[in-house]
Amino acid sequence: MTFSGHSSQDSDLSFRLEGANIIDGFRRRGYQTIGSGAVEWFNTSTETGSVLSKPFEHFFFAGNTWSLSLQLEWIEECLLTTNPEQPRFVFLNVGETHVPYWHDGASWDRWPSPCIPFGGDSCSAVLSSSRQRNCLEWVDTQLANLLDQFKESTILICSDHGDCWGEDGLREHGISHPSTLTVPLIMRVRGQPIISTPTPSRFHNVLSRLRRFL
């Protein structure tokens, strides 16, 4: 972040972060940094997970991709035990919409996953779509209280990748394909929604993928 560009001359609209990374930048500006991860990338017992979690003052690895309730309880406890006047940077990695597309209380078994790399006929695009959508709707209800607490703040909701469900004979992610590179993005800045209009050529692609999330 040494060469991170220039902030606006209007200090009320923007500010500059300086440090080893974004999280460190917020810490240097006095923010309480709270993070929780669900997927194995954030496993703090691994070398990669220890690097990803190190910049946070408080970090919790859920241990699997179906523990959102525990993550939210932990975040809420952190928020309650910190100075309410101190600004907060909160990062939450949600695992339920990740394969195997399962959430606590779901009506189907967690395994086998309907989408596995090179799974061929053992995979199902229909099950993948319906289960991920169900998981997304469940996650939406679970996040309501946390999002409400930050309704006047800046919020960014996105995904780090999509999944292939049979397009060009491919399954899951970890590959370069339009289906893995197209992700949802929702942004609210200081309580105000940010709306962008895709170009016509991209609009169709975005809509076709969003049908899996809506």
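Attention now moves to the overall build of the protein chain. Along the backbone of the protein chain there are six helices and eight strands. Its helices and strands in sequence order give the protein chain the pattern α-β-α-β-α-β-α-β-β-β-α-β-β-α, from N to C terminus. Sorting the 214 residues of the protein chain into buried and exposed places 33% on the buried side. For the protein chain, contacts bridging at least 24 residues in sequence account for 59% of all contacts bridging at least 6. For the protein chain, the accessible area works out to roughly 13,300 Å², and carbon and sulfur atoms hold 55% of it.

This next bit is on the pairing of strand E1 (residues 32-37). Counting buried positions along E1 gives six out of six residues, so the element sits mostly inside the fold. Burial along E1 is two-sided: Gln32, Ile34 and Ser36 facing one way and Thr33, Gly35 and Gly37 facing the other are all buried. Note that E1 and strand E3 (residues 88-92) share five bridges and pair parallel. Residue pairing for E3: Gly35 is matched across the bridge by Phe91. By the bridge criterion, four bridges tie E1 to strand E2 (residues 58-61) in an arrangement that is parallel. Its bridge partner being in E2, Gly35 is matched across the sheet by Phe59. Note that the unit made of E1, helix H2 (residues 47-53) and E2 has a crossover that is right-handed.

By size, the foremost hydrophobic cluster in this structure holds twelve residues: Ile34, Leu68, Leu72, Ile75, Cys78, Leu79, Trp138, Val139, Leu143, Leu146, Phe150 and Ile155. Put simply, the parts of the chain that give this core at least two residues each are helix H3 (68-80) and helix H4 (125-149). Ranked by the residues each element gives to this core, the list is headed by H3, at five residues. If we skip the residues at most four places from it in the chain, Phe150 touches Leu79, Arg88, Val90 and Ile155. Formed by eight residues, the second largest nonpolar core is a distinct cluster that contains Val99, Trp102, Cys135 and Trp165.

The subject of this paragraph is H3. The terminal C-alpha atoms of H3, which comprises 13 residues, lie 18 Å apart, in line with the 18 Å expected from a rise of 1.5 Å per residue. Buried within H3 are the following residues: Leu68, Gln71, Leu72, Ile75, Cys78 and Leu79. Buried residues along H3 cover an arc of 120° about the axis, so they all sit on one side. Set apart from the buried face of H3 by more than 90 degrees, the exposed residues are Glu73 and Leu80.

Cis geometry is found at the peptide bond from Val99 to Pro100, where omega equals 15°. Structurally, the position occupied by Pro100 is in the loop between E3 and H4. Positive phi is not limited to glycine here, since Asp168 has a value of about 55°.

This next bit is on the side chain of Gln132. Mapped onto the elements, Gln132 comes out in helix H4. Polar side-chain contacts of Gln132 include one of 3.0 Å to the backbone oxygen of Thr97.

Moving on: the side chain of His103. By secondary structure assignment, the location of His103 is in the loop between E3 and H4. Residue contacts for His103: discarding those within four places in its chain leaves Glu96, Trp108, Asn134, Cys135 and Trp138.

Here H4 spans 36 Å end to end across 25 residues, near enough to the 36 Å set by a 1.5 Å rise per residue. Along H4, the largest kink reaches about 45° and is centred on Leu143. Listed as buried for H4 are Ser128, Arg131, Gln132, Cys135, Trp138, Val139, Leu143 and Leu146. On its buried face, H4 sits against H3, E3 and strand E5 (164-165). At the N-terminal boundary of H4, the capping side chain belongs to Ser124, with an oxygen 3.5 Å from the backbone nitrogen of Val126.

Thresholds, definitions, all that
- Note that residues are indexed from 1 along each chain, following the sequence as it is written.
- The predicted nature of this model means local features are confined to residues of pLDDT at least 70 and side-chain atom pairs, given and counted, to a pLDDT of 80 or more, with totals for whole chains, interfaces and linings taken over all residues.
- Here the side-chain values reflect all heavy atoms present in the structure, with hydrogen atoms and water set aside.
- To qualify as a helix, a DSSP run of H or I must reach at least 4 residues; to qualify as a strand, a run of E must reach at least 2; elements of each kind are numbered from the N terminus.
- Whether a residue is buried, partly exposed or exposed follows from its accessible area with a 1.4 Å probe, protein chains only, as a fraction of its type maximum: under 20%, in between, or over 50%, in that order.
- Whether two residues touch is decided by their heavy atoms; if any such pair falls within 4.5 Å, the residues are in contact.
- Using a 1.4 Å probe, the Shrake-Rupley method yields the accessible areas, and only the shown protein chains count as cover for residues.
- Being paired, for any two strands, means DSSP has found at least two bridges between them.
- Assignment of crossover handedness uses the view with strands pointing away from the viewer, where a clockwise path from the first strand over the helix to the second indicates a right-handed crossover.
- Put simply, a nonpolar core is a bunch of buried Ala, Val, Leu, Ile, Met, Phe, Trp, Tyr and Cys residues held in one set by side-chain atoms that sit within 4.5 Å of each other.
- What a helix is expected to span follows from its residue count: subtract one and scale by 1.5 Å.
- By arc we mean the arc of the directions from the helix axis to the C-beta atoms, nothing more.
- In protein, a polar contact requires one atom able to donate a hydrogen and another able to accept it; more generally it is a pair of N or O atoms within 3.5 Å, and residues adjacent in sequence count only if both atoms are side-chain atoms.
- Throughout, bend refers to the angle between the axes fitted to the seven residues that end at a position and the seven residues that start at it.

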